[in-house]
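One-letter residues, chain by chain:
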Amino acid sequence: MRSRLPLSLTVAGLLALASSGCISINSAEASPPPAPYGPVPTERQLRWHEMEFYGFLHFTVNTFTDKEWGYGDESPQVFNPTDFDANQIVRTAKAAGMAGVILTAKHHDGFCLWPSRYTEHSVKHSPWKGGQGDVVREIADACQRHGIRFGVYLSPWDRNHRDYARPEYLTYYRNQLRELLTQYGDLFTVWFDGANGGDGYYGGAREKRQIDNRTYYDWPNTWQIVREWQPMACLFSDAGPDFRWIGNERGFAGDPCWATLDMTKPGRYPGGSSEGLTHGERPGTAWIPAECDVSIRPGWFYHPAEDSQVKTPAQLLEIYYASVGRGCCLNLNLPPDRRGRIHENDIRSLADFRRILDTTFATNLAAGARFQASSIRPTRRLYGPRLVLDGQRDTYWTTPDEVRTAELALTLRQPATFNVVDLREAIALGQRIEAFALDQWRDGAWVEFAQGTSIGNRRLVRLPQKITTDRVRLRIIRASACPAIAEFGLYAEP
Ligand code: FUL
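What counts and what doesn't
Residue positions are given per chain, counting from 1 as you read along its sequence in written order. Only residues with pLDDT of 70 or above have their local features reported here, since the model is predicted, and side-chain atom pairs are shown and tallied only from 80 upward, although totals for entire chains, interfaces and linings are computed over all residues. The side-chain figures draw on all heavy atoms in the structure; neither hydrogens nor water molecules are used. Under the scheme applied here, a residue whose accessible area is under 20% of the maximum for its type counts as buried, over 50% as exposed, and between as partly exposed, the area being computed with a 1.4 Å probe on protein chains only. Strands are runs of DSSP state E lasting at least 2 residues, helices are runs of H or I lasting at least 4, and numbering of each runs from the N terminus. Here, the arc refers to the directions that run from the helix axis to the C-beta atoms. Note on definitions: a residue-residue contact is assigned when non-hydrogen atoms from the two residues lie within 4.5 Å. Here a residue is considered near a molecule or strand provided that any single heavy atom belonging to it is located within 4 Å of it. Each polar contact in these results corresponds to two N or O atoms within 3.5 Å; when the atoms are within protein, one needs to be able to donate a hydrogen and the other to accept it, and residues that are neighboring in sequence are counted only if both atoms are side-chain atoms. Each accessible area is a Shrake-Rupley estimate made with a 1.4 Å probe; only the visible protein chains count as cover when residues are assessed. Basically, the charged four are Asp, Glu, Lys and Arg, the nonpolar ten are Ala, Val, Leu, Ile, Met, Phe, Trp, Tyr, Cys and Pro, and anything else, Gly included, counts as polar. One requirement defines pairing of two strands: DSSP has to find at least two bridges between them. As used in this record, nonpolar core signifies buried Ala, Val, Leu, Ile, Met, Phe, Trp, Tyr and Cys residues forming a set joined through side-chain atoms within 4.5 Å. How far each domain reaches was decided by an automatic or database domain assignment. By convention in these notes, a salt bridge is any Lys or Arg side-chain nitrogen within 4 Å of a carboxyl oxygen on Asp or Glu.

**Q** Give a detailed account of helix α7 (residues 219–229), specifying residues and quantitative values.
**A** The set of residues buried in α7 consists of Trp219, Thr222, Trp223, Ile225 and Val226. When α7 is viewed along its axis, its buried side chains cluster within an angular range of 140° and face the same direction. Those residues of α7 that are exposed and aimed more than 90 degrees away from the buried face are Pro220 and Glu228. On its buried face, α7 sits against α6 (167–183), β4 (189–191) and β7 (234–236).

**Q** Before we move on, could you go through the site of the ligand and cite the residues and values that matter?
**A** In the region of the ligand, the neighbouring residues are Phe56, His58, Trp69, His107, His108, Tyr153, Asp193, Ala195, Glu249, Asp293 and Trp300. Contact distances for the ligand include 2.9 Å between an oxygen atom and a side-chain N or O atom of tyrosine 153. Taken by itself the ligand offers 290 Å² of open surface, and the protein chains cover 90% of this. Residues that form the shell around the ligand fall into these classes: five nonpolar, three polar and three charged.

**Q** An account of the pairing of strand β16 (residues 433–442) is requested, with residue identities and associated values reported.
**A** Counting buried residues in β16 gives eight out of 10 residues, a clear majority hidden from the surface. In terms of strand pairing, β16 meets strand β18 (residues 459–479) through seven bridges, oriented antiparallel. Looking at β18, one finds that leucine 438 is bridged to leucine 474. Bridge analysis of β16 against strand β17 (residues 445–452) gives seven bridges, and the strand direction is antiparallel. Paired with tryptophan 441 across the two strands is tryptophan 446, which belongs to β17.

**Q** Can you explain the nonpolar core? Please cite residues and give values.
**A** Membership of the largest hydrophobic core comes to 76 residues, with the highest contact counts inside it found for Phe79, Val135, Ile139, Phe150 and Leu332. Top element by residues in this core is α6. It accounts for seven residues. Composition of this core by domain shows at least three residues from each of domain 1 (43–360) and domain 2 (363–491). Residues contacting valine 135, with those up to four places away along its chain left out, are Phe59, Phe79, Phe84, Leu103, Leu113, Val123 and Trp128. In this structure, Ala406, Leu412, Phe436 and Leu438 belong to the second largest nonpolar core, which totals 30 residues.

**Q** Talk me through the pattern of salt bridges; I want residue IDs and the actual numbers.
**A** For the structure on display, the rule yields 37 salt bridges. Across the pair arginine 268 and glutamate 281 runs a salt bridge, and its minimum N-O distance is 2.7 Å. With a gap of 13 residues between them, arginine 268 in the loop between β9 (260–261) and β10 (286–287) and glutamate 281 in the loop between β9 and β10 connect regions that are remote in the sequence. Take arginine 268 and glutamate 281: they sit in the same class, and that class is buried. For glutamate 344, the salt bridge is made with arginine 339, and the minimal N-O distance between the two is 3.2 Å. In this structure glutamate 344 comes out as partly exposed when scored by relative accessible area, which is 39%. For arginine 339, a relative accessible area of 26% puts it in the partly exposed group.

Next comes the structure, spelled out in structure tokens:
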């Protein structure tokens, strides 16, 4: 956690500083920060939370065979993008506001987008660039050039490999993982898919193979390899450990959506039960926030027949408010087409979506407001309500420890018309607030216009109609520890 004061500056430290005459505030009254409540995010998870919106790139032989799941017997000869352009792909993602992209380095069909040393089933036997190409390298480099983060999807299930379901496959899988972890710069995530379907080519056997997802991949030791080489890469699987699946592929989080899970429950392993993932669990035993993954088209891979079924800007906005706006990250899939570029229809929809978001969040109508708080933890400078407007996620308004309900009233500089309220908790201190309400001042009285539950990294309250008022009040109506609000905003959609 980045703190306003160095973490080591405790009450004792402040007193010592004051008695030495180094600081002039009434430091005897300054409280230390509130103790964290429940599970808290790691530094790695905090960096992931900050991303909020990033993209998937589903690209492989399926793009050329018009399938969603390749069987594993596809010839590398089919992989032949006619005009592959990593810059165009990454530029599109960045222009859409994505903070990173995750590439399917290997999907279930087993075809590798990089020239792995451990298989012949890869780009090196494709006609693309005469077998000299490396899609992983080109996308990773483009991400670096454009200043966004890069991650990889390495499907555990491999329908091509002859050893799949035998112990030998684990060695192969880990060797591939090491290649990706060591050759392509910093990764922000390694995405471990939960699908383990059964039948496949398997080196010509063409049969059904079953594994036990709890034990076969020896996840603790496989994940350790990622920790060793890429300590800041977040591990995704259905049940974490760094972030979890939301339990559907429509891009919608539950409401509430808690950032914590109870990991003592049975079924909490990659590919296990999806029960509880949509809403999370409170108080939970671990900080495992959710990612909402969804494709901009019906399928994950490009299909020409879906060119007319690209999600509209309005649909994308609805997804954004139901994912980012419920404290999750949104992972929106953009499938490169047979040229190896993002299709024009997808770009058009993304551009409108982005323009609307940029216009909405350009001006915080609460800026310059005067505050009245039901209570403030000493001192105002360290914990006062002004900090909810400073644009920093790690400074916050908070109260004395014993407080569980609190109010923060804002008097705006002038009457404002808005339909979006933006809230953040100081999540480095855990998820503390369980319910809140919002009021507007109307005809001489406070009138409630919204209620909500979980806040966490972010809560966007999107109202069906615009409100015009010069006073707004946030009421914390239930909390399990004194509330800590990092940011507050009022915005108007165009
Ligand atoms: C699923 C896979 O089976 C799909 O093909 C896709 O990759 C999606 C993101 O995850 O489990």
